[in-house]
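One-letter residues, chain by chain:
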Amino acid sequence: MKIAFLGGGNLATALIGGLVAKGQDARKIAVIELSPSAREKLGARFPVHISTAPDAAVQGADTLVLAVKPQDMRKALASLGGARGKLVISVAAGIGLASLSRWLGGHRKLVRAMPNTPALIGAGISGLFSLPEVSAEEKKRAETILGAVGEVVWLADEKLLDPVTAVSASGPAYVFWFIEQLAASGEKLGIPKQDAMKLALHTVLGAARLASSSKDSPADLRRQVTSAGGTTEAALKVFDEEKLAERFARAVAAASRRGGELGEEFGKD
Ligand SMILES: NC(=O)c1ccc[n+]([C@@H]2O[C@H](COP(=O)([O-])OP(=O)(O)OC[C@H]3O[C@@H](n4cnc5c(N)ncnc54)[C@H](OP(=O)(O)O)[C@@H]3O)[C@@H](O)[C@H]2O)c1
């Protein structure tokens, strides 16, 4: 693949690292990056071609990954001068394909991806949506690029990217919050701070690994550790009494609504 990145920051670096680890030739990757410090950092890690404006290497790429911040996207695309038949994959949060297509002069070979921060360590998951003009081969290419930093899920409707953002892109923050609360609760019960954090962190890590490797569903695994009259049941009973499931669903729905609002804001001309 000949890939060009518009923006060579954190996520682009993670994607390049993942692709190179899977055998992609770094010299066939072109990056347009305006920040001198980001250029220096990226260049020190990979022998990629870095420029400050679209040049022959960018024009020769078959795939263009848009990896600038949502608020920089419109200006960045204006300086690009079109996408000329390339598959364009945007990883920018919020900005809809209608805005991207308009800013690229009606370009329709577009994929929108919503990755999450565990992508930075190759353990991400991305929701992907493509326009009908994207071929099966191009979809496979998008899957290879995002798949270099984790799992991918194709979506049937672009509208689902807001709920996906609320579940998997904001999701790591919910898990960090849960780790904080579990550790703080242990501390309140007398466990030394460092030990409480270690216990909480490894509990989440171990439970997630068990859930992802087990044939049993998370609900079954939960039931297996919940014996009648036992300690887990005592905690889960409080969750039910406090209607935690309903409150959690309201929180995730608020994130999804906010995703839609931000998309409208960022997608304006
Ligand atoms: N990080 C994640 O895990 C994650 C997860 C999901 C989605 N995303 C999406 O991925 C995108 C990139 O995020 P990031 O965390 O990688 O951001 P980042 O580290 O700030 O990287 C963006 C880079 O693009 C540069 N830039 C700005 N305008 C440019 C232009 N016109 N041409 C070329 N380069 C330009 C920025 O330079 P300056 O700093 O000088 O502006 C910056 O170095 C965002 O849209 C974000 O929504 C990221």
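Details of the structure are given in the entry above.
In this report, we go over the structure that sits alongside the text. Predicted, not measured: the structure shown is a model, and the values here were computed from it. (Residues numbered from 1 in each chain as written. Predicted model: local features only at pLDDT ≥ 70, side-chain atom pairs only at ≥ 80, totals over all residues. Heavy atoms only, no water.)

So, the site of the ligand
Phase 1: Close to the ligand lie 23 residues, the nearest being Asn-10, Leu-11, Glu-33, Val-68 and Ala-93.
Phase 2: At 2.7 Å, a backbone N or O of Leu-11 approaches an oxygen atom of the ligand.
Phase 3: Here the ligand loses 79% of its free accessible area of 890 Å² to cover by the protein chains.
Phase 4: In terms of residue class, the shell around the ligand is built from 14 nonpolar, 6 polar and 3 charged. (Near = heavy atom within 4 Å. Polar contact = N/O pair within 3.5 Å; in protein donor to acceptor, adjacent residues only side chain to side chain. Areas by Shrake-Rupley, 256 points an atom, 1.4 Å probe, with all protein chains shown as cover. Nonpolar A, V, L, I, M, F, W, Y, C, P; charged D, E, K, R; others polar.)

Re the sheet that holds strand 5 (residues 87-90)
Strands pair in a sheet through their backbones, by hydrogen bonds, and they do so in one of two ways: parallel or antiparallel.
Phase 1: The strand order 3-2-1-4-5-6-7-8 describes an open sheet built from 8 strands, whose pairing is mixed. Only two strands of the sheet have a single partner each, and these edge strands are strand 3 (49-51) and strand 8 (150-154). Geometrically, the sheet is characterised by an average inter-axis angle of 20° between neighbouring strands, direction not taken into account.
Phase 2: Bridge count between strand 7 (residues 124-130) and strand 8: 5 bridges; the pairing is parallel. Residue Ser-126 lies in a different strand from strand 8, and its bridge partner there is Val-152.
Phase 3: In the packing of helix 6 (residues 136-147) onto the sheet, the strands contacted are strand 1 (3-6), strand 4 (63-66), strand 5, strand 6 (110-114), strand 7 and strand 8, and the crossing angle to strand 8 comes to about 145°.
Phase 4: In the packing of helix 7 (residues 161-169) onto the sheet, the strands contacted are strand 6 and strand 7, and the crossing angle to strand 6 comes to about 35°. (Pairing = 2+ DSSP bridges. Helix = DSSP H or I, 4+ residues; strand = E, 2+ residues; numbered from the N terminus. Axes fitted to C-alpha atoms, helices over the stretch in contact; angles between N-to-C directions. Contact = heavy atoms within 4.5 Å.)

As for the pairing of strand 4
Phase 1: Residues Thr-63 and Val-65 line one face of strand 4 and the alternating positions Leu-64 and Leu-66 line the opposite face, and both faces are buried.
Phase 2: Sheet topology note: the strand 4/strand 5 ladder contains 4 bridges and is parallel. Directly across from Leu-64, in strand 5, lies its bridge partner Val-88. (Buried < 20%, exposed > 50% of the residue type's maximum accessible area, 1.4 Å probe, protein only.)

Brief notes about the environment of Phe-46
Phase 1: Tracing the backbone shows Phe-46 in the loop between helix 2 (36-45) and strand 3.
Phase 2: Through-space distance from the C-alpha of Phe-46 to that of Ile-145 is 16 Å; in sequence the pair is 99 residues apart.
Phase 3: Not counting residues up to four positions away in its chain, the partners in contact with Phe-46 are Thr-13, Ile-16, Gly-17, Val-20 and Ala-26.

Comments concerning the layout of surface pockets
Phase 1: For the second largest pocket, the calculated volume is near 1000 Å³.
Phase 2: Elements with a minimum of two residues in the lining of the second largest pocket: helix 1 (10-21), helix 4 (73-78), strand 6, helix 7 and helix 12 (244-266). (1 Å grid on protein atoms, 1.4 Å probe; cavity = no way out; pocket = protein on both sides within 12 Å on 5 of 7 lines; lining within 4 Å. Points joined across faces, edges and corners; volume = space filled by probe spheres on them.)

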